[in-house]
Structure formats: structure tokens, C-alpha cells
Amino acid sequence: MKALHDSPGTEAGAPVAPAAAATAPAKRVRRHSNMAWIGMVIVGFWILMAILGPSISPYDATAIVDTDVFSGMSHKFLLGSDYLGRDMLSRILFGTRATIGLALLSTVVASLSGTAIALFAAFSGGWRDAVISRALDALISIPSKMFALMMVATFGSSMFLLVLTAAITYMPGAYRIARSLAVNVQAMEYVQAARARGEGVWYIMTVEMLPNMIRPVLADFGLRFVYVVLLLSGLSFLSLGVQPPDADWGSLVRENISGLGEGALAVIMPALAIASLTIGVNLLIDNLRGKRAAKE
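Residues numbered from 1 in each chain as written. Predicted model: local features only at pLDDT ≥ 70, side-chain atom pairs only at ≥ 80, totals over all residues. Heavy atoms only, no water.

A word on the overall build of the protein chain
As a reminder of what qualifies: In DSSP terms, a helix is any run of H or I states spanning at least four residues, a strand is any run of E spanning at least two, and both are numbered starting from the N terminus. When accessible area is computed with a 1.4 Å probe and restricted to protein chains, residues below 20% of their type maximum are described as buried, those above 50% as exposed, and intermediate ones as partly exposed. Should any heavy atoms of two residues lie within 4.5 Å, those residues are counted as being in contact. In short, Shrake-Rupley with a 1.4 Å probe defines the accessible areas, and a residue's cover is counted only from the protein chains shown.
Helix and strand counts for the protein chain come out as eleven helices and zero strands. Going residue by residue from the N terminus, the α and β elements of the protein chain occur as α-α-α-α-α-α-α-α-α-α-α. For the protein chain, with 296 residues in total, the buried portion stands at 42%. Excluding contacts between residues fewer than 6 apart, the proportion of contacts in the protein chain whose partners are at least 24 apart in sequence is 69%. In the structure as shown, the protein chain presents an accessible area of about 15,500 Å², 68% of it carried by carbon and sulfur atoms.

See the structure below:
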């Protein structure tokens, strides 16, 4: 206390003003809140486009409507045309549903299965936990794109296979996060009390354990979604993902890559769409988490 009173710029014995001490946290909460809103607006916009995009597109996504190729912005074609003369805005809106739909479904499957297996492994313990963990450690050691390439090369490309491949690829990572949380939670007194009462395994996992680990699991869900978007877009860019006549943002970049040298919007705009979605999800996750920490 003596060091505090004798510090330069303060009078001896004068208490620190509470308003000054509270200024920095208040600013931090406000900044994080604004960034979270920006992320929410970006993510909400693309989700809305995934739902309404094909119905509000100005042209049919497969129709050749321009006599020129790789044309620039105009009142008729807001994002120009592609390598065949199709409207690029319509193509992007058409591909939004495949990009977000496949990624969201894959992430839901990966996170749900990984969390469920993690709860069972942490609750059971012993040899069951060891066998499951080592098996998934072996799976996670395979690079994601290498595993995806092996799956597509073996079974061919289809919507179902893409969802299954992405889910299997990122399920071990979701398992590791959920298991580390579940191991800590299952050692808590309320879980031990539920065991002592004779509650069943399902009740303990879903009522006692899962609600107390849901926030970190949801944060990890958002990160998995970003990884899946990038994986599926990368496969489509390599012609191994979504196949014509369907399209996603990765395949739109691939099919218009010849216009990259002249800076065509047809190759730039799908890439910007992928970047904006991933940035929006990261802003939303990081700053909502930061806002909670600042308030606490």
C-alpha cells in the first residue's frame, strides 16, 4: 500500500478512481461487441443468400446471357460474366447453397459424432477410452487433403461422399477438444453425485456433462466449419469436389482461372466470397468469446 501511495502522479493516501479503472474493460467489451456484430452480419448475409440466392438471382445460373466473356461490371451484369458468358452474380448465388450447405452438414456430423464419442470415452475411462483415443489419433495423423484425395480417388465424387469425407476428416479433432473438456467435467462433484444416485449413462452425459461444456464445443464447431469450407473449396478447385452442373465457390474459381491474368471478376469474386465467409465466422467466434471473458 505504501508503494501505491508514494507512486508519482498520485497524492499520498488518495484512492484510485474507480471510474478510471473501469474505463479500459468497458472499451474492450464495446470493441469486441462491434466486431462480433460485423461477423454476425457477414455470416447472416451468406446464410440468407444460401436460402434465397437461387430464387433472387437475376438470370438462370446455367444460361449464356452475354456475348462477351470475362466482361466487367455493368448495369446488366453486376459482377460481370464468366468464361462462357454466364452471369457471375447468378453463378455465385447458385454456388452459395452448395458451399454453405455441404460445409454445415459435414461440420454438424463431425461435431456431433466427435462429441458423443468423447462423452462416452471420458465417462467409461479405462481400456475403452484408450482404444478410442489411439484409433482416432491414428486417423488425425493423416493430412486432411491427402485423406480426401484418397477417398475421392477410391469411391468417386458425390455430394454424399464429400460430406462423409469432410466429417471423417475433422471428427477426430472435435473428439480431442470434447474429450479434454469431458475428462475435466466428469470429475466434478455434481457428476459424481449423479453416479452415486444411480443415474444412467445417457442422463449423466446429456444432462450433467454436456451443458457444462457446450460453449467451447460451439466455438470449436465454428472453427471446424471454416476448415470444412476451405477443404471442400480446395477439392472443387482440383476438380474433385462438386461436379457440373452443380457448382460451389471453389469450382467457380477453377473454371474461370484462365481469366486471372486479366483480373477478371469471374475468378476474383468467388475467392472473395470464400474469404469473407471465413473471416466473418472467425470474427463472430473470437469476439463473442472475448466479450464473455471481458464481462466476466
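As for the nonpolar core
Condition: The definition of a nonpolar core used throughout is a set of buried Ala, Val, Leu, Ile, Met, Phe, Trp, Tyr and Cys residues joined through side-chain atoms within 4.5 Å.
With 61 residues, the main nonpolar core has W46, I92, M209, W249 and L277 as its most contacted residues. Here M209 is in contact with L119, F123, A182, V185, Q186, V191 and I204, once residues within four sequence places are set aside.

Looking at helix α3 (residues 88-124)
Note the cut-off: To estimate the expected span of a helix, subtract one from its residue number and multiply by 1.5 Å. Take the seven residues that end at a residue and the seven that start at it, fit an axis to each, and the angle between those axes is the bend at that residue.
Taking 1.5 Å as the rise per residue, α3 with 37 residues should run 54 Å; its terminal C-alpha atoms sit 53 Å apart, in good agreement. The largest bend along α3 reaches roughly 30° and is located at G95. Phi for G125, located one or two positions after α3, is positive at around 65°.

What to know about the packing of aromatic side chains
The cut-off we apply is this: Between the rings of Phe, Tyr and Trp (Trp by its six-membered ring), a pair exists once the centres lie within 6.5 Å; its type follows the angle of the planes, with under 30 degrees stacked, over 60 edge-to-face, and the other angles tilted.
Going through the model one piece at a time under the given rule, you end up with four aromatic pairs. A centroid spacing of 5.5 Å and a plane angle of 35° characterise the contact between Y59 and F77, whose relative ring orientation is tilted. Residue Y59 is located in the loop between α2 (18-56) and α3, and its partner F77 is located in the loop between α2 and α3; the two are separated by 18 residues in the primary sequence. Note on F77: relative accessible area 5%, which makes it buried.

Focus: the side chain of D82
As a reminder, the rule being used: Distance and chemistry together define a polar contact, namely a pair of N or O atoms within 3.5 Å, with one atom able to donate a hydrogen and the other to accept it when in protein, and with adjacent residues in sequence counting only for side-chain atoms on both sides.
Here D82 shows up in the loop between α2 and α3. For D82, a relative accessible area of 0% gives the class buried. There is a polar contact of 3.0 Å between the side chain of D82 and the backbone nitrogen of L84. In this structure the side chain of D82 is engaged in a polar contact, spanning 2.7 Å, whose partner is the backbone nitrogen of R86. When residues no more than four places from it in sequence are discounted, the contact partners of D82 are V69, F70, M88, R91, E255, N256 and A266.

Let's talk about helix α5 (residues 144-155)
To keep it simple, the criterion reads: The arc refers to the directions leading from the helix axis to the C-beta atoms.
Here α5 spans 17 Å end to end across twelve residues, near enough to the 16 Å set by a 1.5 Å rise per residue. Taken as a whole, α5 has its buried residues at F147, A148, M151 and V152. On an axial view of α5, the arc spanned by its buried residues comes to 130°, and they lie on one face. Seen from the buried face of α5, the exposed residues on the opposite side, beyond 90 degrees, are A153 and T154. Among the structural elements, α4 (126-140), α6 (159-186) and α9 (214-237) are those in contact with the buried residues of α5. Downstream of α5 by a residue or two, G156 has a phi angle that is positive, lying close to 85°.

Digging into the environment of R254
Relative to the helices and strands, R254 resides in helix α10 (residues 249-255). For the pair formed by R254 and S233, sequence separation is 21 residues and the distance between their alpha carbons is 9.7 Å. With near-sequence residues (within four places) excluded, R254 lies in contact with S236, F237 and S239. At a separation of 2.7 Å, a polar atom in the side chain of R254 contacts the main-chain carbonyl oxygen of S236.

Some words on the packing of α3 against α6
This is how it is decided: Axes here mean lines fitted to C-alpha atoms, for a helix over just the part in contact, with angles spanning 0 to 180 degrees between N-to-C directions. The hand of a helix crossing depends on one turn: near helix anticlockwise from the far one by less than a right angle means left-handed, and clockwise means right-handed. When residue character is reported, Ala, Val, Leu, Ile, Met, Phe, Trp, Tyr, Cys and Pro are called nonpolar, Asp, Glu, Lys and Arg charged, and the others, Gly included, polar.
It is the contact of α3 with α6, at a shortest axis distance of 5 Å, that shows an interaxial angle of 35°. Seen along the crossing, α3 lies across α6 with a hand that is right-handed. For the contact of α3 with α6, the residue count by class is 21 nonpolar, six polar and one charged.

Some details on a nonpolar patch on the surface
Here is the rule: A patch consists of residues exposed above 30% relative accessible area that lack any salt bridge, with like charges linked at up to 9 Å and nonpolar side chains (Val, Leu, Ile, Met, Phe, Trp, Tyr) linked at up to 5 Å. In the sections that follow, a salt bridge refers to a side-chain nitrogen of Lys or Arg positioned within 4 Å of a carboxyl oxygen of Asp or Glu.
Together, I47, L48, I51, L52 and I56 line one region of the surface with nonpolar side chains, adding up to about 430 Å² of accessible area. Turning to its location among the elements, L48 is positioned in helix α2. With a relative accessible area of 42%, L48 lands in the partly exposed category.

Considerations on the packing of α3 against α4
α4 packs onto α3 with a crossing angle of 145° between their chain directions and a minimal axis gap of 7 Å. For the pair formed by α3 and α4, the contact residues are I117, F120, A121 and S124 on the first element and G126, R128, D129 and I132 on the second. By residue class, the composition of the contact of α3 with α4 is four nonpolar, two polar and two charged.

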